[in-house]
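Report on the structure
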Amino acid sequence: MHPDQQRDFTEFVTTRADSLIRFAYLLTSDQHAAEDLLQTALAKTAGRWRRIRDNPEAYVRQVMYHEQVGRWRSPRWSGERLVLTPPDRAADDRTHEIETRITLAQALRLLPTRKRAVLVLRYYEDLSESEVAKIMGCSIGTVRSQTHQAIARLRELIGKTVTLEA
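Let us look at the structure shown here.

Here is what the cut-offs are and how they apply
Residues numbered from 1 in each chain as written. Predicted model: local features only at pLDDT ≥ 70, side-chain atom pairs only at ≥ 80, totals over all residues. Heavy atoms only, no water. Phe/Tyr/Trp six-rings, centres within 6.5 Å; stacked < 30°, edge-to-face > 60°. Helix = DSSP H or I, 4+ residues; strand = E, 2+ residues; numbered from the N terminus. Buried < 20%, exposed > 50% of the residue type's maximum accessible area, 1.4 Å probe, protein only. Lys NZ or Arg CZ within 6 Å of the ring centre and 35° of its normal. Contact = heavy atoms within 4.5 Å. Arc of directions from axis to C-beta. Axes fitted to C-alpha atoms, helices over the stretch in contact; angles between N-to-C directions. Parallel < 35°, antiparallel > 145°, perpendicular 65-115°, else oblique. Left-handed = near helix turned anticlockwise from the far one by under 90°. Salt bridge = Lys/Arg side-chain N within 4 Å of Asp/Glu carboxyl O.

A short note on the packing of aromatic side chains
- Scanning all chains against the criterion turns up two aromatic pairs.
- Between Phe-9 and Trp-49 the ring centres are 5.2 Å apart and the planes differ by 80 degrees, which places this aromatic pair in the edge-to-face class. You can see Phe-9 sitting in helix 1 (residues 3-28) and its partner Trp-49 sitting in helix 3 (residues 49-52), a full 40 residues away along the chain. Here Phe-9 and Trp-49 have matching classes, each one buried.
- Arranged with centres 5.6 Å apart and planes meeting at 45 degrees, the rings of Phe-12 and Trp-49 form a pair that is tilted. Pair noted here: Phe-12 is in helix 1 and Trp-49 is in helix 3, with a separation of 37 residues, a long-range link.
- The class of Phe-12 is buried, set by a relative accessible area of 8%.
- A relative accessible area of 3% places Trp-49 in the buried class.
- Between Arg-61 and the ring centre of Phe-23, over which it is positioned, the NZ or CZ distance is 5.2 Å.
- The ring of Tyr-123 carries the charged tip of Arg-122 above its face, separated from the ring centre by 5.5 Å.

In structure tokens form, the structure reads like this:
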């Protein structure tokens, strides 16, 4: 890689790493798997940096999405990750917020892969429908219908387990 390209790539990674690792975590639900996913995507991105310099973040997100879908489809993936110690917990007393987030995360895990990915990209990452369609390789209409169906299913799942306050 040319030194100018290497500098641009390093700058991109430095400035966008927080957003990209958050996206990876939302796809994987595991910090270590998210770091591996991001590292894999960045390695693939570095090799094509010269061609994708104009919109690298969209490319990295697309690579992460496709890599994660491949992992979900892999027969070796069990859906569970064993760890030696439990993850660190925040000390704030936001019990209701935490319960709501846990409930939402559990409901998200019950959604099919594409529906979960659409919601993560649209609402966690705040991408437009056209950006989501490009990342997922589908039409905007598909993004809209998948979003509508996913939200309806989330309402069903959450309604069965939690009564949200008015």
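What follows continues from the structure just given.
Things to note about the environment of Met-64
- Counting through the fold element by element, Met-64 comes out in helix 4 (residues 56-73).
- Placed 30 residues apart in sequence, Met-64 and Ala-34 show a C-alpha to C-alpha distance of 9.3 Å.
- Excluding its chain neighbours within four sequence positions, the residues that come into contact with Met-64 are Leu-20, Phe-23, Ala-24, Leu-27, Leu-37, Leu-38 and Ala-41.

Observations regarding helix 7 (residues 129-136)
- Taken as a whole, helix 7 has its buried residues at Val-132, Ala-133, Ile-135 and Met-136. Down the axis of helix 7, the sector holding all buried residues measures 165 degrees, keeping them to one side.
- In the segment just after helix 7, Gly-137 is the residue with positive phi, at about 70 degrees.

Regarding the packing of helix 1 against helix 2 (residues 31-47)
- Across the interface, helix 1 lies against helix 2 with an axial gap of 8 Å and an inter-helix angle of 135 degrees. Here helix 2 runs oblique to helix 1, going by the angle between their axes. Of the two possible hands of crossing, helix 1 and helix 2 adopt the one that is right-handed. In this structure, helix 1 uses Phe-9, Phe-12, Val-13, Ala-17, Leu-20, Ile-21, Ala-24, Tyr-25, Leu-27 and Thr-28 to contact helix 2, whose residues at the interface are Gln-31, Ala-33, Ala-34, Glu-35, Leu-37, Leu-38, Leu-42, Thr-45 and Ala-46.

Digging into the pattern of salt bridges
- Applying the stated criterion across every chain, the model contains eight salt bridges.
- Between Asp-8 and Arg-7 there is a salt bridge, and its shortest N-O distance comes to 3.6 Å.
- For Glu-125, the salt bridge goes to Arg-61, with nearest N and O atoms at 2.7 Å. A residue pair is termed long-range when its members are at least 10 positions apart, and Glu-125 in the loop between helix 6 (113-124) and helix 7 and Arg-61 in helix 4 qualify at 64 residues.
- The buried category is assigned to Glu-125, whose relative accessible area is 8%.
- Members of the salt-bridge network, linked through shared partners, are Arg-16, Arg-22, Glu-57, Arg-61 and Glu-125.

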